[in-house]
Amino acid sequence: MSFPKNFLWGSATAAYQVEGAWNQDGKGPSIWDLYSKLPGTTFEGTNGDIAADHYNRYKEDVKTMAEMGLKTYRFSIAWTRIFPEGSGKINEKGIEFYSNLIDELLKYNIEPMITLYHWDLPQALQDKYAGWESREIIDDFVEYARVCFKNFGDRVKYWIVMNEPNVFIGLGYGIALHPPGLKDRKKELNAGHITALANAKAIKLFREIVPNGMIGSSIAYGPAYAASESEEDKLALEKYYNYNVWWWFDPYFKGEYPADMLKYNQEKYGAPEILDGDMELLKSAKSDFIGINYYCTQMIADNKEGVGYNGMNTTGEKNSQKENGVPGLFKNVRNTNLEYTDWDWAIDPDGLRYGMVQLKERYNLPIIISENGLGAVDPIDEEGNIQDIPRIDYLREHIIACEKAIEEGVDLLGYCTWSYIDLLSWLNGYKKQYGFIYVDRKNNLERKKKASYFWYKDVIASNGEKL
Ligand code: BG6
């Protein structure tokens, strides 16, 4: 068993969650800068104003990445640093920051992997035309992408256009947990379609500007099982996949929608609105890889009784998660075969293997795991050491699952843990930690390497042999 020689051992972050410096050097406000300050939107009112202050400490952070031997670092660009108003005037300071970050990574032979959109939409565009609800955003997004490709494409090979459109659209328009805080299925379907069009246009432009680069988007992937062998549960599982999973992967990676679900959505909600040329555009944009963010699987059951949305565990109180579902289609139930995290996410390494094999069969494209990790409250011992053993166990098992998937023929290009450093969890605050590096929020954001840091260093050095 072994990983390919040039396997991209990586780790990831996102601008809003790690950078801080929310209004420094000409950065404009994003929807998250405003939304997180509205009462009741985030865990204990936490926000990313300061985060891990990576904007000002990136050299120190890249140095520890280099010591660890990281092969790739996935980070996102804050659109509002490049275009404070979303479009129009460019902020040169923003270009300079990412250019310096890229150079710093390359100095240590760390391959930069850029995410163009990790949820921090310029507030100006939300105000101007309601952001992702309007097709006007497509050209503004593509212009922003063009500026990034032009300025960084000479040095950056790997690009992720969208991070989890299923999450930022689903939570923003379906269950009102993210900005703009709506529960409107019709808008959700239309906005989702617009993200796919923007993704496709950006990919087509990329081919002209960065001919040797590789591009894709990352979808939050929750493979699932039927709760029982009953026909009802098996049918519910199929509906779950078409409603929640293939609905998002197909337009991004096949240029189409699952036919039955398209019919269902158009009959029930009159959406998505598909105009002439849309499907041709989606078809014509070819991704080089599928990005997946994998944390857990789902167990799916029939939902005749009509269970709807009942909230999310954002406190870390284990077993507080209630059943959620889509009335008439399916519901998510507890999988009694699996352990759960304190945030009630099922720990299921084999689901990652299984999920990747499913993707290979459906799309036959290379895969990059752009996120995988354990959110937990890490223990600190008397000497101040962070023995995050559950994280090591979690990552080890998932890396083994990657090996198995490779053996089963999956073309896996890289694996990024979430996250490199402790950072802000959008809805769960700083309490839910994911990093290899602890950030002491009571002591000037001082960094400290956790046990998992040293463990992953060995994993990388041995190319996955020493787990
Ligand atoms: C993904 C996001 O959904 O999962 C990350 O891309 C996020 O930005 C990560 O932080 C973990 O989710 P959470 O809710 O535990 O922070």
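Quantities reported herein were computed from a predicted structural model and do not represent experimental measurements.

The rules behind these values
- Residues numbered from 1 in each chain as written.
- Predicted model: local features only at pLDDT ≥ 70, side-chain atom pairs only at ≥ 80, totals over all residues.
- Heavy atoms only, no water.
- Helix = DSSP H or I, 4+ residues; strand = E, 2+ residues; numbered from the N terminus.
- Rg over C-alpha atoms; globule rule 2.2 N^0.38 Å.
- Buried < 20%, exposed > 50% of the residue type's maximum accessible area, 1.4 Å probe, protein only.
- Contact = heavy atoms within 4.5 Å.
- Areas by Shrake-Rupley, 256 points an atom, 1.4 Å probe, with all protein chains shown as cover.
- Lys, Arg positive; Asp, Glu negative; His and termini not counted.
- Charge placed at Lys NZ, Arg CZ, Asp CG, Glu CD.
- Phe/Tyr/Trp six-rings, centres within 6.5 Å; stacked < 30°, edge-to-face > 60°.
- Lys NZ or Arg CZ within 6 Å of the ring centre and 35° of its normal.
- Core = buried A, V, L, I, M, F, W, Y, C linked by side-chain atoms within 4.5 Å.
- Near = heavy atom within 4 Å.
- Polar contact = N/O pair within 3.5 Å; in protein donor to acceptor, adjacent residues only side chain to side chain.
- Pairing = 2+ DSSP bridges.
- Axes fitted to C-alpha atoms, helices over the stretch in contact; angles between N-to-C directions.
- Expected span 1.5 Å × (residues − 1).
- UniProt positions renumbered as here; feature names shortened; annotations may be inferred.
- Parallel < 35°, antiparallel > 145°, perpendicular 65-115°, else oblique.
- Nonpolar A, V, L, I, M, F, W, Y, C, P; charged D, E, K, R; others polar.
- Salt bridge = Lys/Arg side-chain N within 4 Å of Asp/Glu carboxyl O.

**Observations regarding the overall build of the protein chain**
When its secondary structure is counted, the protein chain shows 15 helices and 16 strands. Relative to the 2.2 N^0.38 estimate, which gives 23 Å for 467 residues, the radius of gyration of the protein chain is 21 Å and therefore close to what a compact globule would have. In terms of its C-alpha atoms, the protein chain occupies a principal-axis envelope of roughly 55 × 50 × 45 Å. Counting all 467 residues of the protein chain, 61% fall into the buried class. Considering only contacts within the protein chain whose residues lie at least 6 apart along the sequence, 76% involve residues at least 24 apart. Accessible surface for the protein chain amounts to roughly 18,100 Å². Of this, 49% is attributable to carbon and sulfur atoms. Distance between charge centres in the protein chain, computed from 53 positive and 68 negative side chains, equals 2 Å.

**Some thoughts on the packing of aromatic side chains**
Scanning all chains against the criterion turns up 46 aromatic pairs. Here the aromatic cluster, defined as three or more aromatic residues joined through ring pairs, consists of Y221, Y240, Y241, Y243, W246, F249, Y252, F253, F330 and Y363. Taking NZ or CZ as reference, R81 lies 6.0 Å from the ring centre of F97, over its face.

**Overview of the nonpolar core**
Ranked by size, the top nonpolar core spans 154 residues in total, and within it W132, F141, F249 and Y456 carry the most contacts. Tallying contributions element by element places helix α10 (residues 231-253) first for this core, with 12 residues. Apart from residues lying up to four places away in sequence, F249 is in contact with I219, Y221, K254, I290, I292, L359 and Y363.

**What to know about the site of the ligand**
Surrounding the ligand, one finds 15 residues, the nearest of these being Q17, E164, S425, K432 and Y434. At 2.5 Å from an oxygen atom of the ligand is found a side-chain nitrogen or oxygen belonging to S425. Y434 has a polar side-chain atom sitting 2.5 Å from an oxygen atom of the ligand. Summarising the interface, the protein chains cover 91% of the accessible area of the ligand, which totals 380 Å² for the free molecule.

**What about the sheet that holds strand β10 (residues 330-333)?**
Spatial strand order, β6-β8-β10-β9: four strands in an open sheet with mixed pairing. Either end of the sheet is taken by a strand with one partner, and the two such strands are β6 (224-226) and β9 (324-326). The sheet shows a mean angle of 30° between the axes of neighbouring strands, taken without regard to direction. Here β6 runs beside strand β8 (residues 298-301); their pairing, made up of three bridges, is parallel. Bridging across to β8, A224 finds its partner in Q298.

**Quick word on helix α7 (residues 136-152)**
Helix length check: α7, at 17 residues, gives a terminal C-alpha distance of 25 Å against a target of 24 Å (1.5 Å per residue), a fit within 8%. Listed in full, the buried residues belonging to α7 are I137, I138, D140, F141, V142, Y144, A145, V147, C148, F149 and F152.

**Side note on the UniProt feature "active site" (unreviewed entry) in the protein chain**
In the numbering adopted here, UniProt assigns the feature "active site" (unreviewed entry) to E371. Along the polypeptide, E371 turns up in strand β13 (residues 367-371). When neighbours within four sequence positions are excluded, E371 is seen to be in contact with R74, H118, N163, E164, I292, N293, Y294, Y295, C416 and W418.

**Observations concerning the side chain of T41**
Here T41 is to be found in the loop between α2 (31-35) and α3 (54-68). Excluding residues within four positions of it along the chain, T41 makes contact with Y35, S36 and L427.

**Here's the deal with helix α14 (residues 389-407)**
Here α14 is 19 residues long and its end C-alpha atoms lie 27 Å apart, about the 27 Å a rise of 1.5 Å per residue gives. Taken together, the buried positions of α14 are occupied by R391, I392, Y394, L395, H398, I399, A401, C402, E403 and A405. Where α14 terminates, the next one or two residues include G409, which has phi positive at roughly 100°.

**Side note on the packing of α3 against helix α5 (residues 92-107)**
Closest axis-to-axis distance for the α3/α5 pair is 10 Å, and the angle between their directions is 10°. Judged by the angle between their axes, α3 and α5 are roughly parallel. Taken together, the residues of α5 that come into contact with α3 (itself represented by H54, Y55, Y58, K59, V62 and M65) are K93, F97, N100, L101, E104 and L105. A breakdown of the residues in the contact of α3 with α5 according to their chemical character gives seven nonpolar, two polar and three charged.

**Topic: the pairing of strand β4 (residues 158-163)**
Looking along a regular strand, one sees the side chains alternate between the two faces of the sheet. Judged by how many residues are buried, β4 sits mostly within the fold: six of six residues are covered. Note that strand β3 (residues 111-117) and β4 share four bridges and pair parallel. Counterpart to M113 in the pairing with β4 is Y158. Pairing geometry for β4 and strand β5 (residues 214-221), over four bridges, is parallel. Directly across from W159, in β5, lies its bridge partner I215.

**Looking at the pattern of salt bridges**
Under the counting rule described, the total for this entry stands at 34 salt bridges. A salt bridge links K37 to D49; the nearest nitrogen and oxygen atoms lie 2.8 Å apart. Here K37, found in the loop between α2 and α3, pairs with D49, found in the loop between α2 and α3; they are 12 residues apart in sequence, far enough to count as distant. The class for K37 is partly exposed, based on a relative accessible area of 37%.

**A closer look at the pairing of β5**
Among the eight residues in β5, seven count as buried, and that is most of the element. Pairing geometry for β5 and strand β7 (residues 290-294), over four bridges, is parallel. Bridge pairing in β7 places A220 opposite N293.

**What to know about the side chain of N313**
Relative to the helices and strands, N313 is located in the loop between β8 and β9. Classification of N313 as buried rests on a relative accessible area of 4%. A polar contact is formed between the side chain of N313 and the side chain of S320, at a distance of 3.4 Å. Setting aside anything within four residues of it in sequence, one finds N313 in contact with K318, S320, Q321, D342, W343, D344 and N428.

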